[in-house]
Amino acid sequence: MIKRLRRPSSETALPDHDLPMEILQGIGISPGVVIARASLTYERPLPHIEALPSQLGVEAERARLDQAIALTLKQLRKLRTKLGSLPEEGRIEIDALLSVYERMLNHSRLVRAAHRRLAEDGLTAEAAVQLESDVLAAMAGPQPDMPEEEVESARRREGEFREVARRLLRNLTGVSFRAFSDIPGGSILVAEQIRPADAAVIDPNRIAAVLSEGGGVTDHTAIMLRALNVPAILAVPDLTERIHDGDLLVVDGQRGCIILHPDSTTLADARSAMAEEAKERKGIGRLRRLPSRLVSGEDIELLANVEIANELPLLHRNGAAGIGLLRTEFLFDESEPLPDEDGQYQAYASIVSNMPGQTTTIRVLDWGGEKGLTRLRQLGIQGEEDEENPALGVRGLRLLLRHPEILETQLCAILRASLDGNLRILLPMVSSVNEVVTTRQIYERCAKRLRRRGIKLPADLPPLGVMIETPAAALTAGTLLRQAEFLALGTNDLTMYTLAMDRSAAMGSDLYTALHPALLRLLRLSVDEALRAHRPVCVCGEMASDPRAVALMIGMGLRSFSMSAALLPPVKRMIRSLSLDACDTLYRQAMLIEDPIELYQLVRNFAV
């Protein structure tokens with residue numbers, strides 16, 4: 001392919017008069033209109049790997065494989081350190097995906113089978129990895145007669161095996177990974193394939209848009225690009241053959257449309273669309289200063305979910321009334337020693353002190369499932385074999401109560417930070433009241449210890465709340481509220497456990513939806529118990545960021561919602577157009593529906 005020289009960025013707005021305009025169509029992933037020059041990026045291909053016997057011997061190949069695994073794990077940890085610059089949703093998605101990769105590199109079927117190939121067949125490490133990954137990917141991928149709704153999940157599982165193998169093979173063969181650091185700022189990234197880990201290192205402040213031949217609306221890459229809020233279009237046929245380096249493009253991420261060599265009229269239309277988007281963003285600034293209030297006069301509290309301190313400017317800019325969920329896992333880097341009390345106190349205090357007059361809800365460490373796998377093994381919680389289903393293993397509060405020293409250190413740090421501002425403490429993955437009773441005993445013991453050290457804590461300790469993330473917690477919410485001062489409805493995990501469907505595997509499936517009659521009934525039980533006990537209750541899962549779902553939950557009786565700070569404006573805009581009667585009507589209609597698809601359509605079609 002003949003490549004044209006890249007033109008200077010100053011020529012971005014000038015049409016390519018000498019070239020005919022073309023329109024390319026793909027799948028719109030993330031909305032936004034962009035005018036910029038294309039910058040093509042290619043991935044160095046791996047060499048063809050044949051199933052040949054090793055010339056080095058079994059032990060040498062074992063050492064090479066172990067070395068490649070260690071290097072791959074190191075690279076994944078380095079990649080995780082870059083997540084701090086991503087929006088919250090992007091961090092969550094890529095962190096979960098990296099955890100999957102790490103689990104597949106630690107005593108997994110792939111690693112065990114590859115070692116067995118080395119010993120039994122005398123193959124090279126490359127051949128062993130390639131053969132076994134092909135076998136496992138084929139087993140995990142779509143099967144004949146598989147229900148249509150399971151195909152996408154199967155494709156994702158297949159892709160995970162192939163991605164881990166690809167990383168191992170690159171380290172075994174010395175073929176370097178792709179980097180985007182040399183792409184000119186303000187240009188449109190064009191590639192044959194963008195993998196999830198590639199998306200994690202895309203800087204949304206430098207890349208104007210992302211285009212790819214591969215990918216689809218429900219895969220991990222699409223989820224990442226949406227979280228980055230970069231205009232993106234995937235699955236564009238013959239993309240890298242039709243677009244050359246330096247070509248002028250108009251990208252419309254909403255319509256999945258790419259205009260190559262736009263003429264003057266098309267450029268003018270695109271500039272108008274960009275001006276409208278800028279006007280919309282300016283409107284968000286005005287919206288921030290307006291109250292979050294229904295047209296019928298009822299105030300609705302909108303809070304932000306926060307993971308790291310540098311999210312605070314966006315939180316304040318979008319008008320959050322406080323922090324409804326501060327995740328603390330960012331302090332517990334798996335490659336570092338456990339943070340001590342002083343280090344945790346400084347981190348919490350810096351955030352709490354930046355929320356004057358507002359409340360910060362700090363969730364204690366929520367490890368388990370796919371999170372914290374390396375440290376869990378170090379703590380001796382997992383044996384040599386991985387859990388068959390980590391989501392049902394030792395996680396959240398169960399983990400902390402097995403290792404109370406971790407919980408005590410964290411509670412002491414949080415209690416000290418309560419002197420710097422208003423805060424509440426939230427317990428994750430609660431399933432029985434005895435867990436809350438035991439935690440409260442530890443909590444009060446920590447307070448006594450601090451007072452003996454001369455730290456003057458308030459007479460009334462910060463409120464202790466529980467997350468409703470399991471059907472067991474929802475069904476016993478009234479009992480839990482005798483030991484807890486507030487509830488937080490974690491709709492992500494509650495949906496997963498209620499529907500018996502893994503969220504990461506089922507993403508994009510019609511079967512996986514929080515708008516399910518069973519979930520609404522569990523939410524209603526929890527809300528009714530909280531209202532009866534006159535206890536605060538807040539939604540802090542993904543449902544809180546869906547404006548129409550919020551309307552439904554307002555009708556249910558909820559008045560507090562916590563979400564990503566970036567998603568506050570559309571929710572607030574919807575709230576300011578709603579009346580309590582409209583929300584109540586939607587809720588009553590929804591509770592009469594038994595079919596999940598019908599319920600989903602009712603809420604999606606709700607109009608003020």
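In the nomenclature of an unreviewed UniProt entry, the protein chain is known as Phosphoenolpyruvate-protein phosphotransferase of Asaia lannensis NBRC 102526. Reading the Cofactor (unreviewed entry) entry of the UniProt record for the protein chain gives the comment "Mg(2+)".

A.B. asks: Where do I start with the side chain of Glu-435 in this structure?
C.D. replies: Relative to the helices and strands, Glu-435 resides in helix H15 (residues 433-452). In this structure, Glu-435 is buried with no salt-bridge partner, the nearest side chain bearing the opposite charge being Arg-398 at 4.3 Å. Looking at Glu-435, its side chain comes within polar contact range of the main-chain nitrogen of Ser-431, at 2.8 Å.

A.B. asks: I'm lost on the packing of aromatic side chains in this one. Help?
C.D. replies: Two measures describe an aromatic ring pair: the distance that separates the ring centres and the angle between the ring planes. Counted according to the given criterion, the structure contains 0 aromatic pairs. The cationic tip of Arg-416 hangs over the ring face of Tyr-345; the distance from NZ or CZ to the ring centre is 4.4 Å. Looking at Arg-424, its charged tip hangs above the ring of Phe-486, at a distance of 3.9 Å from the centre.

A.B. asks: Would you mind showing me how to read unusual backbone geometry here?
C.D. replies: Glycine aside, a negative phi is what most residues show, and trans is what most peptide bonds show. In this structure, Ala-235 is a non-glycine residue whose phi angle is positive, near 55°. Within the secondary structure, Ala-235 is located in the loop between strand S6 (232-234) and helix H8 (239-242). Of note, the phi angle at Met-429 is positive, near 55°, even though the residue is not glycine. Among the secondary structure elements, Met-429 is positioned in the loop between strand S12 (422-427) and H15.

A.B. asks: How do you make sense of the sheet that holds strand S2 (residues 27-30) when you look at a structure like this?
C.D. replies: Each strand in a sheet pairs with its neighbour through backbone hydrogen bonds, running either in the same direction (parallel) or in the opposite one (antiparallel). Strands sit in the order S1-S8-S7-S3-S4-S5-S6-S2 across an open sheet of 8 strands; the sheet is mixed. Every other strand in the sheet has two partners, leaving strand S1 (22-25) and S2 as the edge strands with one partner each. Averaged over all neighbouring strand pairs, the angle between strand axes comes to 30°, with direction disregarded.

A.B. asks: I keep staring at the pairing of strand S5 (residues 209-212) and nothing clicks. Help me out?
C.D. replies: Within a regular strand, side chains alternate between the sheet's two faces. Side chains Ala-209 and Leu-211 of S5 all project onto a buried face; the interleaved residues Val-210 and Ser-212 project onto the opposite face, where all are buried too. For strand S4 (residues 188-191) and S5, the ladder comprises 4 bridges, and the chain directions are parallel. Of the residues in S5, the one forming a bridge with Ile-188 is Ala-209.

A.B. asks: Help me out: how do you make sense of a positive patch on the surface in this one?
C.D. replies: Positive charge collects at one region of the surface, where Lys-279, Lys-282, Arg-286, Arg-288 and Arg-289 lie side by side. Examined against the element boundaries, Lys-279 turns out to sit in helix H9 (residues 264-288).

A.B. asks: Quick question: what am I supposed to make of the packing of helix H20 (residues 517-532) against helix H23 (residues 580-591) here?
C.D. replies: Any two packed helices are characterised by the angle at which their axes cross and by the distance between the axes. Across the interface, H20 lies against H23 with an axial gap of 10 Å and an inter-helix angle of 125°. When the axes of H20 and H23 are compared, the pair comes out oblique. Between H20, through Leu-520, Arg-521 and Arg-524, and H23, the contact on the second element is made entirely by Tyr-587, Ala-590 and Met-591. A class-by-class count of the residues in the contact of H20 with H23 yields 4 nonpolar, no polar and 2 charged.

A.B. asks: Sorry, what's going on with the pattern of salt bridges here?
C.D. replies: Side chains that carry opposite charge are capable of pairing whenever their charged atoms lie near each other. Tallied over the entire structure, the rule returns 23 salt bridges. A salt bridge links Arg-166 to Glu-163; its shortest N-O distance comes to 2.8 Å. Linking Arg-166 with Glu-163, this pair stays in helix H5 (residues 148-173), spanning 3 residues, or about one helical turn. Taken as a pair, Arg-166 and Glu-163 share a single burial class, namely buried. With its nearest N and O atoms 2.8 Å apart, the salt bridge here joins Asp-342 to Arg-416. Taken as a pair, Asp-342 in helix H11 (residues 341-352) and Arg-416 in helix H14 (residues 404-417) lie far apart in primary sequence, 74 residues in all. On the accessibility criterion, Asp-342 (42% relative accessible area) is partly exposed.

A.B. asks: Looking at this model, I keep getting lost on the nonpolar core. Mind explaining?
C.D. replies: Considering soluble globular proteins, one finds that nonpolar side chains tend to be buried as a cluster. Ranked by internal contacts, the top residues of the largest apolar core, which has 94 residues, are Leu-315, Val-466, Leu-520, Met-543, Leu-558 and Phe-561. No other element matches H14, which puts 8 residues into this core. Excluding its chain neighbours within four sequence positions, the residues that come into contact with Leu-315 are Ala-304, Val-306, Ala-320, Gly-322, Ile-323, Met-355 and Ala-565.

A.B. asks: Quick question: what am I supposed to make of the side chain of Gln-410 here?
C.D. replies: Along the chain, Gln-410 turns up in helix H14. Dropping the residues within four chain positions of it, Gln-410 is found in contact with Thr-328, Phe-332, Gln-344, Tyr-348, Arg-363, Val-364 and Leu-365.

A.B. asks: Help me understand helix H21 (residues 547-556) in this model?
C.D. replies: A turn of α-helix holds 3.6 residues, and therefore any two residues three or four places apart point the same way. Of all 10 residues making up H21, 9 are buried, and the element is well covered by its neighbours. Listing the buried residues of H21 in full gives Pro-547, Ala-549, Val-550, Ala-551, Leu-552, Met-553, Ile-554, Gly-555 and Met-556. On its buried face, H21 sits against H20, strand S15 (537-539), strand S16 (560-564), helix H22 (568-575), H23 and helix H24 (596-604). Gly-557 sits one or two residues past H21 and shows a positive phi near 120°.

A.B. asks: I would appreciate a short explanation of H11 in the present structure.
C.D. replies: An ideal rise of 1.5 Å per residue puts 16 Å on 12 residues; H11 measures up with 16 Å between its terminal C-alpha atoms. Taken together, the buried positions of H11 are Glu-341, Gln-344, Ala-347, Tyr-348, Ala-349, Ile-351 and Val-352. Tucked inside the fold, the buried residues of H11 contact helix H10 (312-317), strand S10 (323-326), strand S11 (359-363), H14, S12 and H15.

A.B. asks: Would you explain the environment of Asn-305 in this entry?
C.D. replies: Turning to its location among the elements, Asn-305 is positioned in strand S9 (residues 301-306). Given a relative accessible area of 4%, Asn-305 falls into the buried group. Each C-alpha atom, one on Asn-305 and one on Ile-323, is 6.0 Å from the other, the two residues being 18 residues apart in sequence. Here Ser-562 takes part through its side chain, which lies 2.6 Å from a polar atom of the side chain of Asn-305.

What counts, and where the lines are drawn
Residues numbered from 1 in each chain as written. Predicted model: local features only at pLDDT ≥ 70, side-chain atom pairs only at ≥ 80, totals over all residues. Heavy atoms only, no water. UniProt positions renumbered as here; feature names shortened; annotations may be inferred. Helix = DSSP H or I, 4+ residues; strand = E, 2+ residues; numbered from the N terminus. Buried < 20%, exposed > 50% of the residue type's maximum accessible area, 1.4 Å probe, protein only. Lys, Arg positive; Asp, Glu negative; His and termini not counted. Salt bridge = Lys/Arg side-chain N within 4 Å of Asp/Glu carboxyl O. Polar contact = N/O pair within 3.5 Å; in protein donor to acceptor, adjacent residues only side chain to side chain. Phe/Tyr/Trp six-rings, centres within 6.5 Å; stacked < 30°, edge-to-face > 60°. Lys NZ or Arg CZ within 6 Å of the ring centre and 35° of its normal. Pairing = 2+ DSSP bridges. Axes fitted to C-alpha atoms, helices over the stretch in contact; angles between N-to-C directions. Patch = residues over 30% accessible without salt bridge, like charges linked within 9 Å, V, L, I, M, F, W, Y side chains within 5 Å. Areas by Shrake-Rupley, 256 points an atom, 1.4 Å probe, with all protein chains shown as cover. Charge placed at Lys NZ, Arg CZ, Asp CG, Glu CD. Parallel < 35°, antiparallel > 145°, perpendicular 65-115°, else oblique. Contact = heavy atoms within 4.5 Å. Nonpolar A, V, L, I, M, F, W, Y, C, P; charged D, E, K, R; others polar. Core = buried A, V, L, I, M, F, W, Y, C linked by side-chain atoms within 4.5 Å. Expected span 1.5 Å × (residues − 1).

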